[in-house]
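Remarks on the overall topology
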Amino acid sequence: MAFRSGLEEKVADLFVDLGVKYEYESTKIPYVIQHNYTPDFVLPNGVWIECKGYWDSTDRRKIKSVKQQHPEIDLRMVFQSPYNKISKKSKTTYAKYCEKIGIPWTTYTNIPIDWLV
């Protein structure tokens, strides 16, 4: 069995030596960490605008969580460079990530008028 760390392996060996039965990483428990999200702009028409130049993994998780936990919010992204990759090893762009999680996006030079009224 492969363990994630040397310490986990040592504890498992101890359990075996002591005859203690165990399951390793056999259960997943969902949890939500409470944070507050402050959108960049809230428009009178109910549209929330979040602006991003660089969009790191922490901010992506935050936006995804807000969208999942508050589907009633009309959240939209405005990017400086929507075709930047989310990481050096990924083919996914900021734009494709938004499409995957159901968030409309645009560039800061091309914000649709119907988003604003």
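Everything numeric in this text was worked out from a predicted model, so none of it was measured.

1. A look at the overall build of the protein chain
Broken down by element type, the protein chain carries 4 helices and 4 strands. Helices and strands appear in the protein chain in the N-to-C order α-β-β-α-β-α-β-α. A compact globule built from 117 residues should have a C-alpha radius of gyration of about 13 Å, whereas the protein chain, at 21 Å, is more than 25% larger. Seen along its three principal axes, the alpha-carbon backbone of the protein chain occupies a region of about 70 × 30 × 20 Å. Every one of the 117 residues in the protein chain was classed for burial, and the buried ones make up 28%. Looking at the protein chain alone, contacts between residues at least 24 apart form 51% of all its contacts between residues at least 6 apart. Looking at the protein chain as shown, the accessible area adds up to about 9000 Å², and 54% of this sits on carbon and sulfur atoms.

2. Notes on the environment of Glu23
Along the chain, Glu23 falls in the loop between helix H1 (6–18) and strand E1 (41–42). What makes Glu23 exposed here is its relative accessible area of 64%. Sequence separation between Glu23 and Ala12 is 11 residues; the distance between their C-alpha atoms is 9.6 Å. Of note is the side chain of Glu23, whose polar atom sits 2.5 Å from the side chain of Ser26.

Quick notes on the rules
- Residues numbered from 1 in each chain as written.
- Predicted model: local features only at pLDDT ≥ 70, side-chain atom pairs only at ≥ 80, totals over all residues.
- Heavy atoms only, no water.
- Helix = DSSP H or I, 4+ residues; strand = E, 2+ residues; numbered from the N terminus.
- Rg over C-alpha atoms; globule rule 2.2 N^0.38 Å.
- Buried < 20%, exposed > 50% of the residue type's maximum accessible area, 1.4 Å probe, protein only.
- Contact = heavy atoms within 4.5 Å.
- Areas by Shrake-Rupley, 256 points an atom, 1.4 Å probe, with all protein chains shown as cover.
- Polar contact = N/O pair within 3.5 Å; in protein donor to acceptor, adjacent residues only side chain to side chain.

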